[in-house]
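Tertiary structure, described
What follows is the residue order along each chain.
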Amino acid sequence: MSGWDIRPQGVQGRLKVVGGHAGELEKALTAWLEDLGEAARAAGTAVPGNAASTAVHGPVAPGRAPLSRAASGPVAAALGEYVTARQPQLRAMSERIQAAVLGAATAVNEYVEGDLEAAKQAQDAARSVRLDVLRDLRGAK
């Protein structure tokens, strides 16, 4: 192998940037879910007056309190179905980002470990050659 041109500090810097963007994406997705919940609440219900049930239908952001009033109309139901259908894609996107960051970090760590092992082998070989040279010099006296 001719050599690698990997700078672990540079990779670490890039991974920090990606991690920051991943955090921003998480915030954007949370805000999006909150906005969908607001839209579901604002859409109203499909039943007249007080006949609306108290059950909550529609998207609720993770870690948030349930909707303050029932959102059981067709728009809220459609939004709920949309979020439910998109959850696998959103989860997969998050998992791919995490896997890419962890994979890159692992690869660089392995590179550094391999580099250290190669350096150790080179030092051991140099030490062995140096000892052979010293033995030869002592025998030449």
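Notes on the structure in this doc start here. All values reported here derive from a predicted model rather than from experimental measurement.

Comments concerning the overall build of the chain
Per the secondary structure count, the chain includes two helices and zero strands. Per-residue burial for the chain yields a buried fraction of 13% across its 141 residues. When the accessible surface of the chain is split by element, carbon and sulfur atoms take 57% of a total near 10,400 Å².

Some remarks on a nonpolar patch on the surface
Together, Val-129, Val-133 and Leu-137 make up a nonpolar patch on the protein surface, roughly 260 Å² of accessible area in all. In this structure, Val-133 sits in helix H2 (residues 74-139). Looking at Val-133, the relative accessible area reads 41%, which means it is partly exposed.

Here we look at the nonpolar core
Leu-33, Leu-36, Ala-40, Ala-76, Leu-79 and Val-83 form the largest nonpolar core, which has six residues in total. The set of elements that each furnish at least two residues to this core consists of helix H1 (8-43) and H2.

Quick notes on the packing of aromatic side chains
Tallied over the entire structure, the rule returns one aromatic pair. Consider the rings of Trp-32 and Tyr-82, whose centres lie 6.0 Å apart with planes at 75 degrees: the pair is edge-to-face. Within this pair, whereas Trp-32 is found in helix H1, its partner Tyr-82 is found in helix H2, the two being separated by 50 residues in sequence. With a relative accessible area of 27%, Trp-32 lands in the partly exposed category. A relative accessible area of 39% means that Tyr-82 is categorised as partly exposed.

Describing the pattern of salt bridges
Counted by the stated rule, this structure contains two salt bridges. Among the salt bridges present, the one from Asp-124 reaches Lys-120, with a minimum N-O distance of 3.0 Å. Residue Asp-124 and its partner Lys-120 are both found in helix H2; the two are separated by four residues, about one turn of the helix. Residue classification places Lys-120 among the partly exposed residues on the basis of a relative accessible area of 44%.

Quick look at H1
Here H1 is 36 residues long and its end C-alpha atoms lie 52 Å apart, about the 52 Å a rise of 1.5 Å per residue gives. Listed as buried for H1 are Leu-15, Leu-33, Leu-36, Gly-37, Ala-40 and Arg-41. Of the residues one or two after H1, Gly-44 is the one with positive phi, at around 80 degrees.

Conventions adopted
- Residues numbered from 1 in each chain as written.
- Predicted model: local features only at pLDDT ≥ 70, side-chain atom pairs only at ≥ 80, totals over all residues.
- Heavy atoms only, no water.
- Helix = DSSP H or I, 4+ residues; strand = E, 2+ residues; numbered from the N terminus.
- Buried < 20%, exposed > 50% of the residue type's maximum accessible area, 1.4 Å probe, protein only.
- Areas by Shrake-Rupley, 256 points an atom, 1.4 Å probe, with all protein chains shown as cover.
- Patch = residues over 30% accessible without salt bridge, like charges linked within 9 Å, V, L, I, M, F, W, Y side chains within 5 Å.
- Salt bridge = Lys/Arg side-chain N within 4 Å of Asp/Glu carboxyl O.
- Core = buried A, V, L, I, M, F, W, Y, C linked by side-chain atoms within 4.5 Å.
- Phe/Tyr/Trp six-rings, centres within 6.5 Å; stacked < 30°, edge-to-face > 60°.
- Expected span 1.5 Å × (residues − 1).

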